[in-house]
Amino acid sequence: MTARVRAARSSRRPAETPFRLPPQPGEVIDRSRLVPFDWDGRRYVGFAGDTITSALAAAGVRTFSRSFKYSRPRGILTASALDPGCTVQVGDEPNVRASARRLAAGMSVVPQNVWPTLRYDLRSVNKVVAPFLTAGFYYKTFMSPRPLWPAYERVLSRFASGGWTSPDAIPSYYDQRFTHPDVLVAGGGPAGMAAAVEAARAGARVLLVEEEHELGGSLRWGGAQELEALGRLRADVAQAGIEVLVDSVVAGRYDDNWISIAQRGLPDVTERLIKARAGILVVAPGLIERPYVFAGNDLPGVMLSTAVRRLIDLYAVAPGSRAVVLSANAEGDAAAADLDRVGVEVVRVLDARRGEDVRRALGRGTLSAVEVADGSRIDCDLLVTATGWTAPTSLLNMAGNQPVWDPLAARFRPGEGLPDTVLATGGIVGDGSVDELVAHGTATGALAAARAGFGSAAVVAPLSPHPHPALFRATTHGFVDFPEDVSSKDVMAAAAEGYDSSELVKRYTTATMGPTQGKLETVNTVAVLAEATGRSIEELGTTVWRPPYAPISLGALAGRVSPPARYSPMQPWHETHSAVPLVAGEWIRPDSYGDPAAEVRAVRSAVGIIDVTPLGKLALHGPDVPNLLAAAYVNKWAKLDVGSVRYGVMCAEDGVILDDGVTGRLGAARYLMSTTSSGAATVWQHLESLLQTEHPDWRVHITPMTTAYASINIAGPRSRELLTRLTDVDLSADAFPYMRVRTGRIADVADCVLWRIGFTGELSYEIHVPASYGLHVWEALLERGRDLGVRPFGVEAQRILRLEKGHLIVAQDTDGLTKAYDAGLGDLVKLDKDDFVGKPELLWQHEDGAQQSLVGLVPVDPSIVPAEGCQIVDGATGILGRITSSRRSPTLDRSICLAYVLKQYAEPDTVVTVRLPDGRRIPATVTPPTHFDPEGARLRG
Amino acid sequence: MFRIPCPYCGPRDATEFRHQGESRNRPDPRTVTRGQWRAYLYEKDNVAGWTRENWYHGVGCRRFISVERNTVTNETRPAAAAAGAVDPVLPGAEAGAPDADSTRR
Amino acid sequence: MTARYSALSLLSRGLRGRNWPLVWRRHELAPTYDAVIIGAGVHGLAAAYYLAVNHGIRNVAVLDRSYLGGGGSGRNTAIIRSNYLTPEGVRFYDRSVKLYETLASELNFNVMFSQRGHLTLAHNDSSLRTMRWRAEVNKLQGVDSEVIGPDEIKSLVPYMDVSAQTRYPILGALYHPPGGIIRHDAVNWGYARGADARGVQIHEYTEVVGIDVEEGRVRGVQTSRGHISTPVVLNCTAGWSSLVSRLAGVRLPISTHPLQAAVTEPVKVFLNTVVVSGTLHVYVSQTDRGELVFGASTDPYPSYSTRGSLEFTEELAGHVLELMPSIAALRVLRQWAGLCDMTPDFSPIMGETPVEGFLVDVGWGTYGFKAGPVAGEAMAELVATGKTPDLISSFPLSRFADGRLVGEKGAAAVGH
């Protein structure tokens, strides 16, 4: 339907509501507030408090969707959040539970799985070929010819159920919250409310969570007595100081009572994930009414007794006009009485306890008649079934409890073996009068409080399930899983084929894998499987219930916490000077200021400054720092004088390079260590591990300084000239030679650390200034160096500069298996040291010789820059090495690389072949790693 | 999310800690053979059930601690509880120097 | 004998209401087999199938302590690819992809291999470099892989936010057209049916409780259903492989970590490729049923618990919405976990052990399902010929003691 047609139909006057009843005692609708909305292009009006389906049912709408495989019309079955045929699209939001979602003014609701329309669905020709579409049919066909599978697949995927998303949807607001209740009660029926009240009275902080819009559970659709009890319990809850969440569901119970709650219905928040660390969890979800399996059991007009009672008593909607009721329990009887009371003609009540039964439901599109077991046929538009209950043991299952089958009550119930921190009460445990349920809840609440440390525990008298006939399937076949379109016949066929355990039948037929995740379907599936295999339900057991108990949006799970990012104190300057951002792990830093080659030239010819704040920095204090350094680094540290700096490499115990950096001695027992930016946390932990677990006798204290200092590298032939203008430290070559450290004032900032080192290969100073003065010093350097041609440079220029110089970058020019000797760092490794981390492996690598070497490489054609990752090849498929770093060098005016090659190709002047990404193969010459100033004259000047 | 009993901080969410592996002794590097060293590096007991292991409380006190954990259920308890041994970590008189027995046995 | 599956037979049986024969038969345990395979997942079943088909060895038992395909083979996210880093890894998985391509017709069982293309996103220059490295190695082995840019990514995945303003901007991706997804259960069942048809006996709910070793060689296994004599035991388990191996006295360099996954409610198909982000630790694909299937990295501590965690779904959701912000309203329907046996070099352990006749096909980490067919084929060859096939010669247990680890770890270490 086009938007124009929809708009035209919307403008017509709203549909009448002939099925709306006069006011009911427990109704939850507010008749004074009209809520207009659109359904399938037509305007409707409901009341505040209506769900989408109750408002539409009042107008006589009976079909809400089509099933995904056979395209069968589906209507209201449960009138609850589980309603399998009432999943709709609301605006951009797919898969909205129309029987639980309350109306909002202007809502645009559209049915799902219909093509072209809800009433005329072309795919329903599938009915004709239904015998062919048995469970798992797709495993047996579409295999040949093989090239056609993608085409088959496209057709199959057209049948995917569910609503639709849009790439342009604007995400709404989602939220998260933490809470730490002493007692968390999942389920606000009579037992849950009573448990919450009692626990709160004992002094516990209680959180009571109810999935529906109000507290009360089944009391809400009960008679006068139930409504009176409901009133009392609600008053008690209000007085007890309990935090109550409605329209919220406990979705998961994880280890140590870490509990997820999806909270809905908040103003301006689509959904909120509440994470609770609960002392005691009380599980009180009540019972779910189980559908009955017979031919036509999915026709619109076939409903559960609880659906009928909800529609009448909560929403004042007549579910039909002529009803047949199949009842095996009091709820079914009460549904028949409700129907009678509100004037729906009840033409027949079949008492399943006396063996009466339905055979099939008949109708085209919607229910028109029921065929009874005795063969008689009754015209009707409503068939109500009340044939049994399912205990939603999901949360208990997540706590490690296995449900056990109770044949007398014909339902699973909690088994033995719950953690002390989890209790259960209410219908999930057993049956009883309202008073008995409340008493069990009260005692359970007292026990929960006592276990949480409040008051003393009462004895919880057992609550047993009442006997109930075991009714799963009539003499005909019907659907066991509505959204998945799986029938009892499919289950029988799967079992006959050998998919005969609960898990295999689920996987083969997809029964219980749909939106309700088995809450309606599991027991019927297992019962049919039991029938098919001659085994008992007890023996077969259920599949494992997985979290979440109810679906949670990705938005709520993600929350509104955006991933953290770290910036240096100089970031405001970078942002106003066209810095190109580079994401480097946690840090975001300038990649360049627009022209990396010019930045390189500035450093080589004058002076440049780079923000190196992300460098890891650790202050080491104590008399045993030399021991720690000697253990952590592969090189020697005993003779490091005060005022000196040394480069070091750390390896792990497997000899693989972990990190590198320089450490300087600032005082007798004061050191400052630098690490790579990404390695800062790892190195700190590594050093703490050495101190705490291997050498607890060593006296060293480590303080992380990474963000306490802002760090700037001043590099270039005029760097001394620049820095001299700003500091009282004597920078002359004699007073402050290469690889020395000094402390002093810079730009009037005290307590700065200066090291003379040179990653770029130029005369350079790395200064660490108290972070809050970082921006000040940065601006001062630029200001005072203007006449010297000072220029800021970014990471890209630094990478070029260091590549020209042949300095490796850990994790770029090394990988997860690179040991010190592979990377050409063998000269640093001091095997004559007693011990250090990784020594045995490095000793053996030294003995055996490294298989590969890190070398310099220059393409014979200097204009070609092979991409990093290009392979050095031998013949068609042989690999001799790879390029780890490559750039065009502005200084040398040619392409330069670092590469690994097998040892036998590592001699300078060896010509190797590099394969480019486009397939071309080019010659390149091996060189020493250092491409520029190999003697280091500039560095030491 | 299970919790870990930190001897310094009390029970804390497991996400505050980093797993450091099974407790084991580092062989003497002067005498170790390649086979022994690599068994130390790579082989695992990989116990299904209660086991003693080390964790680093990186988002807390930053101590390396030993706890016992049931790897099937993720239940945890202080390391000393089962063995009836001494408190797993002595109160450090001096920062950086906990009991030598605390994490390696 | 097995009934042949086809559209015609489906229709005729459907119309006549006839059931199909058992997909695999049930047997009593025999006292002796030529080989016993522990683990009825894709590895064990494929090994049994190829033993029978390629080598005529049919007196074989496949034992599993639970239902068929209930371990990692039924819990993975069913992604198939061969775009590995090392030449030996690429060659090995390429053979697996080739076997998967013809598996449906070979097994007469539609495994629904959908070669829809596989994207590994790069969010920083270091992962872009690794993608280039992988692409170049792949191409040298004849595997279709290429580094593509944000515009091409956007055209493949219109829901992807490729703008530069995100916290982890997408700089490029490794695009691997032959990669895709498969119906994992169908692979397990298809191999089971094929092996069964050739005489292999599959025994579910048969737990191995002991392995008899005398004078350094295997004599038999003890099971919960009785004793079996056999000269060859092949450990094809995942999650429990180190414990099963210990029954034979063999210690493995393995620690077992849960790997979690989750699935959303179905929506109309909008994602036609597999999307992986190593930086964001997430992978996502959409099934033909319309569900989004998500996976992430393994839990950061060893455990045998498959209950799953909330923080997994939280992190997952955050990362998925970083990539595709417009799907925030989609709901997670179910999460689950499987167990992965992690090795120090992220490569499997295949072949002989110090105990003669006790062979392992274990340590598959997070990529076991991808390798099922080729591992089965290679292990069958080893069992039948006593010779280790070239394709798996880089993966022996002895490499750890020898210090010759496989370089797949390289990519993992630098691809963060």
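Residues numbered from 1 in each chain as written. Chains lettered and ligands numbered in written order. Predicted model: local features only at pLDDT ≥ 70, side-chain atom pairs only at ≥ 80, totals over all residues. Heavy atoms only, no water.

1. What about the overall build of chain A?
Point 1. Of regular secondary structure, chain A possesses 23 helices and 49 strands.
Point 2. Computed over C-alpha atoms, the radius of gyration of chain A comes to 37 Å, more than 25% over the 30 Å expected from 2.2 N^0.38 for 941 residues, which places it beyond the range of a compact globule.
Point 3. About 34100 Å² of surface is accessible on chain A, with carbon and sulfur atoms providing 52% of the total.
Point 4. Within chain A, one finds 97 positive and 107 negative side-chain charges whose respective centroids are separated by 4 Å. (Helix = DSSP H or I, 4+ residues; strand = E, 2+ residues; numbered from the N terminus. Rg over C-alpha atoms; globule rule 2.2 N^0.38 Å. Areas by Shrake-Rupley, 256 points an atom, 1.4 Å probe, with all protein chains shown as cover. Lys, Arg positive; Asp, Glu negative; His and termini not counted. Charge placed at Lys NZ, Arg CZ, Asp CG, Glu CD.)

2. Considerations on the interface of chain B and chain C
Point 1. Taken together, the 19 residues of chain B in the interface contact 24 residues of chain C.
Point 2. For the pair chain B and chain C, the summed buried surface comes to about 1800 Å²; carbon and sulfur atoms form 50% of the total.
Point 3. R251 of chain C is paired through a salt bridge with E43 of chain B; the nearest N and O atoms lie 2.9 Å apart.
Point 4. Here chain B is connected to chain C by 12 residue pairs in polar contact (both at pLDDT 80 or more). (Contact = heavy atoms within 4.5 Å. Buried area = accessible area lost by both parts, 1.4 Å probe. Salt bridge = Lys/Arg side-chain N within 4 Å of Asp/Glu carboxyl O. Polar contact = N/O pair within 3.5 Å; in protein donor to acceptor, adjacent residues only side chain to side chain.)

3. Brief notes about the pairing of strand β47 (residues 894-902) of chain A
Residue and element names in this part refer to chain A.
Point 1. By the criterion of burial, β47 is predominantly enclosed, with eight of the nine residues buried.
Point 2. Across six bridges, strand β44 (residues 852-859) lies against β47 in antiparallel orientation. Looking at β47, one finds that Q852 is bridged to L902.
Point 3. Pairing of strand β46 (residues 878-889) with β47, which is carried by eight bridges, proceeds in the antiparallel orientation. Looking across to β47, one finds that S886 is bridged to C897.
Point 4. The antiparallel pairing of β46 with β47 creates a hairpin that spans four residues between the two strands, and D893 there sits at a positive phi of about 55°. (Buried < 20%, exposed > 50% of the residue type's maximum accessible area, 1.4 Å probe, protein only. Pairing = 2+ DSSP bridges.)

4. Some words on the packing of helix α11 (residues 502-509) of chain A against helix α7 (residues 184-197) of chain C
Point 1. Two numbers describe how α11 of chain A lies on α7 of chain C: the axes approach to 10 Å, and their chain directions differ by 115°. Taken as a pair, α11 of chain A and α7 of chain C cross one another with a handedness that is left-handed. Here α11 of chain A contributes L504, R507 and Y508 of chain A to the contact with α7 of chain C, which in turn contributes H184, D185 and W189 of chain C.
Point 2. Classifying every residue of the contact of α11 of chain A with α7 of chain C by side-chain character gives three nonpolar, one polar and two charged. (Axes fitted to C-alpha atoms, helices over the stretch in contact; angles between N-to-C directions. Left-handed = near helix turned anticlockwise from the far one by under 90°. Nonpolar A, V, L, I, M, F, W, Y, C, P; charged D, E, K, R; others polar.)

5. With respect to the domain arrangement of chain C
A common measure of how large an interface is: the accessible area buried when the components associate.
All names here are of chain C.
Point 1. Under the domain assignment used here, chain C contains domain 1 (29-78 + 184-254 + 345-412) and domain 2 (114-180 + 255-341).
Point 2. Each partner contributes residues to the interface: domain 1 has 17 residues there, and domain 2 has 19 residues.
Point 3. Across the domain 1 to domain 2 interface the summed buried area is about 1300 Å²; carbon plus sulfur atoms make up 58%.
Point 4. Between domain 1 and domain 2 we count zero salt bridges in total.
Point 5. The interface formed by domain 1 and domain 2 includes six residue pairs in polar contact (both at pLDDT 80 or more).
Point 6. Along the lines of polarity and charge, the residues of the side of domain 1 that touches domain 2 split into eight nonpolar, eight polar and one charged. (Domains from an automatic or database assignment.)

6. Quick look at the pattern of salt bridges
Once the charged atoms of two side chains with opposite charge are near each other, the side chains can pair.
Point 1. Within this structure, the stated rule accounts for 94 salt bridges over all chains.
Point 2. For D381 of chain A, the salt bridge identified is with R62 of chain A, shortest N-O distance 3.9 Å. A residue pair is termed long-range when its members are at least 10 positions apart, and D381 of chain A in the loop between β22 (377-379) and β23 (382-386) and R62 of chain A in the loop between α2 (52-58) and β3 (65-66) qualify at 319 residues.
Point 3. When its relative accessible area of 21% is taken as the criterion, R62 of chain A is described as partly exposed.
Point 4. A salt bridge links R310 of chain A to E212 of chain A, with the shortest nitrogen-to-oxygen separation between them at 2.6 Å. In this pair, R310 of chain A is assigned in helix α6 (residues 305-314) and E212 of chain A in the loop between β10 (206-209) and α5 (224-239), connecting sequence segments 98 residues apart.
Point 5. Overlapping salt bridges bring together E796, R799, E868 and R887 of chain A together with D125 and R129 of chain C as one network.

7. Some points on the interface of chain A and chain C
Point 1. The interface is formed by 100 residues belonging to chain A together with 96 residues belonging to chain C.
Point 2. Contact between chain A and chain C buries roughly 8400 Å² in total, counting both sides, with carbon and sulfur atoms accounting for 58%.
Point 3. Among the residues chain A hides against chain C, the three largest losses belong to Y139, R507 and L554 of chain A. Together they make up 9% of the total.
Point 4. Applying the counting rule to chain A against chain C returns 11 salt bridges.
Point 5. Sheet analysis places strand β30 (residues 552-553) of chain A next to strand β17 (residues 331-342) of chain C, joined by two bridges and oriented antiparallel. Its bridge partner lying in β17 of chain C, I552 of chain A is registered against V332 of chain C.

8. Quick notes on helix α1 (residues 34-42) of chain B
Point 1. All buried positions along α1 of chain B are accounted for by W37, R38, Y40, L41 and Y42 of chain B.
Point 2. Where the residues of α1 of chain B are buried, they touch α22 (839-848) of chain A together with α11 (398-402) of chain C.

9. Remarks on empty space enclosed by the protein
Residues and elements named next belong to chain A.
Point 1. In the structure shown here, the tally under the stated rule is 13 cavities of 30 Å³ or more.
Point 2. Each pocket or cavity is described by its volume, and for the largest cavity that value is around 250 Å³.
Point 3. Elements represented by at least two residues in the lining of the largest cavity include exactly β3 and β6 (93-97).
Point 4. Here the residues of the lining of the largest cavity are counted per class, giving eight nonpolar, 10 polar and seven charged.
Point 5. Roughly 150 Å³ of volume is contained in the second largest cavity.
Point 6. Along its surface, the second largest cavity is lined by 16 residues, and T512, Q517, V544, W545 and R546 are the ones closest to its centre. (1 Å grid on protein atoms, 1.4 Å probe; cavity = no way out; pocket = protein on both sides within 12 Å on 5 of 7 lines; lining within 4 Å. Points joined across faces, edges and corners; volume = space filled by probe spheres on them.)

10. Examining the confidence of the model for chain A
Point 1. Residues at a pLDDT of 70 or more form 97% of chain A, whose mean pLDDT is 94.
Point 2. Counted against residues more than four places away or in other chains, residues 1-8 of chain A, with its pLDDT under 50, gives five contacts. (pLDDT = per-residue confidence, 0-100.)

11. Let's talk about helix α7 (residues 330-341) of chain A
Side chains that are three or four residues apart share a direction in an α-helix, a result of its 3.6 residues per turn.
Residue and element names in this part refer to chain A.
Point 1. In this model α7 runs 16 Å from its N-terminal to its C-terminal C-alpha over 12 residues, within 8% of the 16 Å that 1.5 Å per residue would give.
Point 2. When we look at burial in α7, the residues that qualify are E331, G332, A334, A335, A336, D338 and L339.
Point 3. Among the structural elements, α6, β18 (322-327), β19 (345-351), β23 and β24 (389-390) are those in contact with the buried residues of α7.
Point 4. Its side-chain oxygen placed 3.2 Å from the backbone nitrogen of E331, N329 serves as the N-cap of α7.
Point 5. Following α7 by one or two positions, G343 adopts a phi angle in the positive range, close to 95°. (Expected span 1.5 Å × (residues − 1).)

12. A few points about the side chain of S568 of chain A
All names here are of chain A.
Point 1. Of note, S568 is situated in the loop between α14 (554-558) and α15 (571-576).
Point 2. We classify S568 as buried; its relative accessible area is 8%.
Point 3. Side chain to side chain, S568 and D611 meet in a polar contact 2.4 Å long.
Point 4. Among residues more than four places away in sequence, those in contact with S568 are H574, W587, D611 and T613.

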